[in-house]
Amino acid sequence: MSSKGDSKPNQDDYKLKDTKPELGERWPHGGQRGGSGWISSERATSTYDLVEQMFYLYVRVVKAKDLPPNPVTSNVDPYVEVKVGNYKGKTRHFEKKANPEWKQVFAFSKEKIQSSVVEVYVRDKEMVARDDYIGKVTFDMHEVPTRVPPDSPLAPQWYRLEDRKGNTKVRGEIMLAVWMGTQADEAFPEAWHSDSATVQGEGVYTIRSKVYVNPKLWYLRVNIIEAQDVEAQDKSQPPQVFVKALVGQQVLKTKLCPTKTTNPMWNEDLVFVVAEPFEEQLLLTVENKSTPAKDEVVGRCSLSLHQFEKRLDHRPVHSRWFNLERFGFGVLEGDKRNELKFSSRIHLRVCLEGAYHVLDESTMYISDTRPTARQLWKQPIGILEVGILSAQGLQPMKTNDGKSSTDAYCVAKYGQKWVRTRTITESFNPKWNEQYTWEVYDPCTVITLGVFDNCHLGGGGGGGGGGASGAKIDSRIGKVRIRLSTLEMDRIYTNSYPLLVLRPSGLKKMGELQLAIRFTCLSLAHIIYLYGHPLLPKMHYLHPFTVNQLDSLRFQAMNIVAVRLGRAEPPLRKEVVEYMLDVDSHIWSLRRSKANFFRIVSLFSGVISMSRWLGEVQKWKNPVTTILVHVLFFILICYPELILPTIFLYMFLIGIWNFRFRPRHPPHMDTKLSWAEAAHPDELDEEFDTFPTSKPQDVIRMRYDRLRSVAGRIQTVVGDIATQCERFHALLSWRDPRATSLFVIFCLIAAVALYITPFKMVASVAGIFWLRHPKFRSKLPSVPNNFFRRLPSRADSML
């Protein structure tokens, strides 16, 4: 199924495969959709109908009372050990406590249970000798009740402890609940799992499934207008100053004031990315260019971000004067501050922009288009449900004690929500069967899923990856992107996606990820309405950023997201966030440039085949076809008003004809399209080279880096051209069923309208509209432009 070693893999290994998992068939009120395709009230009660059912034996240890003291120490340090066959789970121990409370749940995978009894031991922790036995409770596996939500949780009961022979003890009781349940159980996320029994210490927190929320990002716009009474240290000549602004790790500077004056003016905008809660401050320093090589600080001020207003549109913000703290007066000269008769001050207009969407991911793979301010959010138009089922044939990622292993987990990112499945330890075929739901506000968005190997399981170095301690990072296993607009409504997609990673040694298939996906429509009219509106909030078009600004701001936003999620508990690590957000997508790659070039070439193949067909008509290769073309030509000459209706009718017929061949699967990583298989080793060596290059010669380094930076921009432009061409192709290809349906219907209406309308009138109206006065134009993109930008391209399938 998957490639072994370095042997040449079968081309089918890189393709999407259909799977037939048993989804929701045994879930109460669940099951697959009926023929109607609408949500039934029964189905809405189950949130696990897109995953296979997995059974677990749950043991909830609540508390104990009246435990007998140790006759030697006259006290008890109790803990509980739950034993099912070869698996043991232990609670923490309490010192000198006869009535402890643990409130801990243990989950044992049913398919791995090889015992017919559940044994719950209460033991006394000994520091030197063997732990002392206090008592136990035994349950027959066949007598354990089954509980599946929405059933109420099983109530725990008191059980009297037994001695080794099975006799009831005089003292000591324990409160327990034992039941058979599924992964839908409320106890499942926080339970101790037998699947990960080898994980110890802090590593236990990194194996549980978690949901993370993206930090709320704002653009901070600082308009530096002017300053007054700026004095240089050298009083003999007026200063020539500029302002340096610092927020966290972001540093921006204004231009140098063109004149030497104590009252400089700039009126420049500096834009930063900040995140709630606002921990950083805006630090401004006014610096004098005393010599070409030296800048001296002549004043500074530190401003809290909480004092600035939040703007929800483009209305002007009130400007304010802020006093500058004089620089250069140390502690010993503190008295001199009182001698100052006036203070320098700076004039600012600062606001937090709430009407923009802060881009932390590429617009090619954007998953969220909502503005920062919640007041500006629209209603959701659909629900995205993803069942992360399992992975197959994963490659060994590390070696522990001479044994190859993989501890895999999956991360999904869409909108503001990140999810991480639990880590399945030491398995090349992990089964997660976890289901997650997102609200969808725009269908022209992409969900990204990545699979990683957990290298932070702790336990005395048992889960370490290669390299030194402290430098361990979670290894990439592969990534999948799915554009929602390519999914049909209310259809469950069950596919196996190849996990592909490009390395310096070449392309490698790391395994396959099995997913179940459903995109449910809440408002079809709203979706159709969105196709004629801009993808991003209108402020991006009314007051756009420059290309360089956008690149810089996106880099800062990605960095903030990575840092904030890395500070969560447990952390979603920096290397994971950067891989999911495509942090290195701007780096020069000859392979990627070649792939983009051939994307364009392949799209021109249609024009070439059309010219070849015309050449065959000209040469009478098929006499019947040539005669029909002559007849059509003379009809159009005699009746020129039929030209446009014929073209639109022809496109309508092509769209209807192509409906039979519409893609039935979501797009996936395409190795041929990415030129990943045919890449030369030298090209891969360049792609994975450090930036700047690690080559030794200084001149080569300078030229090489210059070439790479220029080529990186060219690569982006070529990719953009290819994307636009592919969007033209997507008009009639049914890659986005709703977009093609709208265009096909438009073509039919246009064909009829142009047929009944005189051609001269159509041409006159079109010309007048095209030449209309700027007063009648809008800065916002037109409806056709918005529709075109929302069409999918094959950029989704680029590796």
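Just so you know, these numbers come straight off a predicted model, no measurement behind them. (Residues numbered from 1 in each chain as written. Predicted model: local features only at pLDDT ≥ 70, side-chain atom pairs only at ≥ 80, totals over all residues. Heavy atoms only, no water.)

## Considering the overall build of the chain
Scanning the chain from terminus to terminus reveals 13 helices and 31 strands. In the chain, buried positions account for 48% of the 799 residues. If you sum the accessible surface of the chain, you get close to 40900 Å²; carbon and sulfur atoms cover 57% of it. (Helix = DSSP H or I, 4+ residues; strand = E, 2+ residues; numbered from the N terminus. Buried < 20%, exposed > 50% of the residue type's maximum accessible area, 1.4 Å probe, protein only. Areas by Shrake-Rupley, 256 points an atom, 1.4 Å probe, with all protein chains shown as cover.)

## Some thoughts on the packing of aromatic side chains
Scanning all chains against the criterion turns up 22 aromatic pairs. Pairing phenylalanine 597 with phenylalanine 598 gives two aromatic rings, centres 5.4 Å apart and planes at 80°, and the pair type is edge-to-face. By relative accessible area, which is 34% here, phenylalanine 598 ends up partly exposed. On the basis of an interplanar angle of 35° and a centroid distance of 6.4 Å, the ring pair of phenylalanine 743 and phenylalanine 746 is categorised as tilted. Of this pair, phenylalanine 743 and phenylalanine 746 are both found in helix α11 (residues 737-756), three residues apart, which corresponds to roughly one turn of the helix. For phenylalanine 743, a relative accessible area of 13% puts it in the buried group. We classify phenylalanine 746 as partly exposed; its relative accessible area is 47%. Grouped by ring-pair contacts, the aromatic residues Tyr56, Tyr58, Trp179 and Phe188 constitute a single cluster. Its guanidinium or amino end placed over the ring of tyrosine 79, lysine 125 lies 5.9 Å from that ring's centre, counting from NZ or CZ. Its end group placed over the ring of tyrosine 365, arginine 481 keeps NZ or CZ at 3.8 Å from the ring centre. (Phe/Tyr/Trp six-rings, centres within 6.5 Å; stacked < 30°, edge-to-face > 60°. Lys NZ or Arg CZ within 6 Å of the ring centre and 35° of its normal.)

## Section: the UniProt feature "transmembrane region" (unreviewed entry) in the chain
Summarizing the sequence annotation, UniProt attributes the feature "transmembrane region" (unreviewed entry) to residues 515-532, 597-615, 627-659 and 742-771 in the numbering used throughout. Between the end C-alpha atoms of residues 515-532 there is a gap of 31 Å, over a span that is 39% helix and 39% strand. A distance of 29 Å separates the end C-alpha atoms of residues 627-659, which is 85% helix and 0% strand. (UniProt positions renumbered as here; feature names shortened; annotations may be inferred.)

## Looking at the pattern of salt bridges
One side chain can pair with another of opposite charge once the charged atoms of both are near each other. Inspection of the entire model under this criterion finds 36 salt bridges. Between lysine 310 and glutamate 276 there is a salt bridge; the shortest N-O distance is 3.4 Å. Separated by 34 residues along the polypeptide, lysine 310 in strand β18 (residues 309-311) and glutamate 276 in the loop between β15 (265-275) and β16 (281-291) bring together distant segments of the chain. Put simply, arginine 518 and glutamate 385 hold a salt bridge, and the shortest N to O gap is 2.9 Å. With a gap of 133 residues between them, arginine 518 in strand β31 (residues 506-521) and glutamate 385 in strand β22 (residues 382-392) connect regions that are remote in the sequence. Taken as a pair, arginine 518 and glutamate 385 share a single burial class, namely buried. Overlapping salt bridges bring together Arg221, Asp269, Arg311 and Glu353 as one network. (Salt bridge = Lys/Arg side-chain N within 4 Å of Asp/Glu carboxyl O.)

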